[in-house]
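Notes for the structure review
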Amino acid sequence: MKIRRGLIQKYASIFMLLLRSYDAIVPFIAGYLAYVGTYGQLTLPPEIMVALLVAVLLVIVSFPRFFLYQVWRGSFLWKELRQVSVAWTVAFLGVLFLNFFVLKTDYSRLWFLCWFASSWSLLVLFRIGLRLFQRWARQNGYNVRSVMIAGAGKLGKELAEHIQETPWLGFKVVAFFDDNPDLRGKTINGVPVLGNLSEVSPFLDQQFANQLWITLPFRAESKIKCLVEDLRHHTVEIRFVPDIFGFELLNHSFSDLAGVPIINLSASPMEHGRVIKEIEDRVLAAIILTLISPLLLFIALGVKLSSPGPVLFRQKRLGWNNQPIEVWKFRSMVCHEELPGMVTQAKLNDSRITRFGRFLRGTSLDELPQFFNVLQGRMSIVGPRPHALEHNESYKEIVSQYMKRHKVKPGITGWAQINGWRGETKRLEKMQKRVKYDLYYIQNWSIWFDIKIIVFTVWKGFFNEELKGVFSGSQTGDGFSGEDLQYKPILNSDIHKVSQISGQFVHLTEKEFLLQKSVENTVLESSKSSFG
């Protein structure tokens, strides 16, 4: 692909100014058109004019604070659209606050709704169109940045391969530099290795390149310093790509602490949205409990009549930050006692489950008291399902990243549950899959993701094929299906330690232990990370 400098790159500042102007003008034009469509009048009254001008001012002030005018090259479109949506919502709420609580003017709700929706649509559609144009331009060689890579190791090779597979990012790798003499004169994925690190500066004296990406390992600190020093007279953009992808990361990100750059190797997107999620949980839990209160009374009566004992089953489980919490469920079994340190999972046709309890478990109605746990602040509506303390002790040593599930509050339902990874866990693979989906939820959390999971929970919980097995005894333990019950129980990680999963005891030989760990590492090996 031939690189053409093009108008976009040459006049980037002008394009950014035009984008800012467009964002500021859109609320005014959309508000005016919404008014004409609502009232059929071409002349704006003074109070409408004030509202539109306030919106323009708020957009000018607030949009930069949501990083909407930074370089979005290499980032995902949905992230930019999310930022636009949040920024416009904040600005619009500012207009509502000013008008209803300061100016105290009364406008048509229809006009407000049309104004908000049309402005949002124009802002989003413009950015989608801009991205499509940029993608076309970059695939045809316009607005492309030429990149050199210092370090032809595994990270450098993967980075170059990823860039070649995504030409719409607008980067083109033109050369490798590495101190390994065996690589000199060779090509990697069609990119030549032009020399060692000391030859980067002479190369730039002869040819132009936009950026230099350093992909050397942390231990090569002295080489990195020397390279940066050699390039002190050049205008090339230098970017260091840290080799953090060998770690098993949870929502890795970059932040700034008093001017010091920090790489977050294990963080949650909920750190900045925790208050929003708390409000979401408490409000929804209060609404749901109000609506289902007659159903709760009926179920409580059914439990009481089904067998002697309390209505609620209470069990200690781990919550947020590994703090023990008490989780409530409607009792679905006859009262019994476990041996110390053992929790026996419910099985297919478990004799301990009452007839009414089987119905509750099959429809997941036994989980409803956990909405009280949400109001108490112990749980969330959506999150990783909490496990018994004894199960945590067994699984945390044999399932990679297992305890990172507790970086958020446990939930009544979750991403793993609606994807079928729930119920009895007699196979190691099943728990690994559950943890994998739980960590995906933590990494990709959003309010919309929560709503999606809630909707699918209602659908899968009450309107799917699994409900047919409620009275035939095919439902199990904690979920919708009784699959994989024919397999042997999970083995513990310590070579000669006793496993207490599902109430059975198994000893591992050293050979069996090493084989099991090999399989675990293969299944849980991280996929190749993407750049950007």
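These notes cover the structure that comes with them.

Conventions we followed
- One numbering rule holds for all chains: residues counted from 1, following each sequence as written.
- At least 70 in pLDDT is required for a residue's local features to be given in this predicted model, at least 80 for side-chain atom pairs to be given and counted, and no such filter applies to totals for whole chains, interfaces and linings, which use all residues.
- Only hydrogens and water are set aside; all other atoms, that is, all heavy atoms of the structure, feed into the side-chain values.
- Every helix listed is a DSSP run of H or I at least four residues long, and every strand listed is a run of E at least two residues long, numbered separately from the N terminus.
- Each residue's exposure class comes from its accessible area (1.4 Å probe, protein chains only) as a fraction of the maximum for that residue type: buried when under 20%, exposed when over 50%, partly exposed otherwise.
- Any two residues having at least one pair of non-hydrogen atoms within 4.5 Å are treated as being in contact.
- Using the Shrake-Rupley algorithm and a 1.4 Å probe, accessible areas are obtained, with residue cover drawn only from the displayed protein chains.
- Here, patches come from residues exposed beyond 30% relative accessible area and free of salt bridges, joined within 9 Å for like charges and within 5 Å for nonpolar side chains (Val, Leu, Ile, Met, Phe, Trp, Tyr).
- Each reported salt bridge corresponds to a side-chain nitrogen of Lys or Arg within 4 Å of a carboxyl oxygen of Asp or Glu.
- The rule for pairing is simple: two strands pair if DSSP sees at least two bridges between them.
- All axes here are fitted lines through C-alpha atoms, helices being fitted over the stretch that makes contact, and every angle between N-to-C directions spans 0 to 180 degrees.
- Buried Ala, Val, Leu, Ile, Met, Phe, Trp, Tyr and Cys residues that are joined via side-chain atoms within 4.5 Å together make up what is termed a nonpolar core.
- Crossover handedness is defined by viewing with both strands directed away from the observer: a clockwise path from the first strand over the helix to the second marks the crossover as right-handed.
- Here, expected helix span is obtained from the residue count minus one, scaled by 1.5 Å.
- Aromatic pairs are defined between Phe, Tyr and Trp rings, using the six-membered ring for Trp, whenever the two ring centres lie within 6.5 Å; interplanar angles under 30 degrees are classed as stacked, those over 60 as edge-to-face, and all others as tilted.
- Lysine NZ or arginine CZ positioned within 6 Å of the ring centre and within 35 degrees of the ring normal marks a charge as sitting over the ring.
- In the analysis that follows, any N or O atom pair within 3.5 Å is treated as a polar contact, provided that within protein one partner can donate a hydrogen and the other can accept it, and provided that, for residues neighboring in sequence, both atoms belong to side chains.

**Describing the overall build of the protein**
For the protein, the helix and strand inventory stands at 16 helices and 12 strands. The burial tally for the protein puts 45% of its 532 residues in the buried class. Pairs at least 24 apart in sequence give 69% of the contacts found in the protein among residues at least 6 apart. Per element, the accessible surface of the protein, about 28,300 Å² overall, is 62% carbon and sulfur.

**What to know about a nonpolar patch on the surface**
A cluster of nonpolar side chains, namely Val275, Ile279, Val283, Ile287 and Leu291, defines an oily patch on the protein surface of about 500 Å² accessible area. With respect to the helices and strands, isoleucine 279 occurs in helix H9 (residues 274-306).

**What to know about the sheet that holds strand S4 (residues 191-195)**
Spatial ordering of the open sheet is given by S3-S4-S2-S1-S5-S6, a layout of 6 strands whose pairing is mixed. Edge strands, defined here as strands with exactly one partner in the open sheet, are strand S3 (187-188) and strand S6 (237-240). Packing against the sheet, helix H6 (residues 154-165) makes contact with strand S1 (145-150), strand S2 (171-177), S3, S4 and strand S5 (211-214), and its axis sits at approximately 155° to S2.

**Describing the pattern of salt bridges**
Here the structure, examined in full by the defined rule, presents 16 salt bridges. The salt bridge partner of arginine 131 is glutamate 80, with a shortest N-O separation of 3.0 Å. Pair noted here: arginine 131 is in helix H5 (residues 109-139) and glutamate 80 is in helix H4 (residues 77-103), with a separation of 51 residues, a long-range link. For arginine 131, a relative accessible area of 14% puts it in the buried group. Classification of glutamate 80 by relative accessible area gives buried; the value is 5%. Residue arginine 239 is joined to glutamate 237 by a salt bridge in which the shortest nitrogen-to-oxygen separation is 2.9 Å. Relative accessible area serves as the criterion here: at 37%, glutamate 237 is assigned to the partly exposed category. Where salt bridges share partners, they join Asp23, Glu80, Arg127 and Arg131 into one cluster.

**Overview of the nonpolar core**
Counting 34 residues, the largest nonpolar core has Ile299, Phe330, Leu368, Phe371, Val399, Tyr441 and Ile453 as the members making the most contacts within it. Listing elements by their share of this core, those giving two or more residues are H9, strand S10 (324-330), helix H11 (370-376), strand S11 (380-382), helix H13 (415-418), helix H14 (428-443) and helix H15 (447-462). With residues near it in sequence (within four places) discarded, isoleucine 453 still touches Val382, Thr413, Gly414, Trp415, Ile418 and Tyr441. Grouped together as the second largest cluster of nonpolar side chains are 29 residues, Tyr35, Leu68, Leu81 and Val84 included.

**Comments concerning the pairing of S6**
As a general feature of sheets, a regular strand has side chains that alternate between the two faces. With 4 bridges connecting them, S5 and S6 associate as parallel partners. Residue pairing for S6: tryptophan 213 is matched across the bridge by arginine 239. In this fold, S5 hands off to helix H8 (residues 221-230), which returns the chain to S6; that crossover is right-handed.

**Thoughts on H9**
With 33 residues, H9 extends just 40 Å between its outermost C-alpha atoms, more than 12% less than the 48 Å of an ideal straight helix rising 1.5 Å per residue. Of the positions making up H9, those classed as buried are Arg274, Lys277, Glu280, Asp281, Ala285, Leu289, Ile292, Leu296, Ile299, Gly302 and Val303.

**Brief notes about the packing of aromatic side chains**
Scanning all chains against the criterion turns up 22 aromatic pairs. With a centroid separation of 6.2 Å and an interplanar angle of 25°, the aromatic rings of tryptophan 415 and tyrosine 440 are classed as stacked. Note that tryptophan 415 is positioned in helix H13 and tyrosine 440 in helix H14, a separation of 25 residues in sequence. Relative accessible area serves as the criterion here: at 40%, tyrosine 440 is assigned to the partly exposed category. Between tyrosine 440 and phenylalanine 449, the aromatic rings sit 6.2 Å apart at their centres with planes inclined by 90°, giving edge-to-face as the arrangement. Members of the aromatic cluster, joined through ring pairs, are Trp88, Phe92, Trp111, Phe112, Trp115 and Phe116. The ring of tyrosine 402 has arginine 405 lying over it, and the distance from NZ or CZ to the ring centre is 5.5 Å.

**Digging into the side chain of histidine 406**
Tracing the backbone shows histidine 406 in the loop between helix H12 (389-395) and strand S12 (411-413). Residue classification places histidine 406 among the buried positions, given a relative accessible area of 5%. In contact with histidine 406, other than residues within four places in its own chain, are Leu318, Gly319, Trp320, Asn321, Asn322 and Asn392.

**Regarding the side chain of threonine 215**
Looking at the element boundaries, threonine 215 is found in the loop between S5 and H8. There is a polar contact of 2.8 Å between the side chain of threonine 215 and the backbone oxygen of glycine 151. Apart from the residues lying within four places of it in its own chain, the contact partners of threonine 215 are Ile149, Ala150, Gly151, Leu155, Gly156, Leu159 and Val241.

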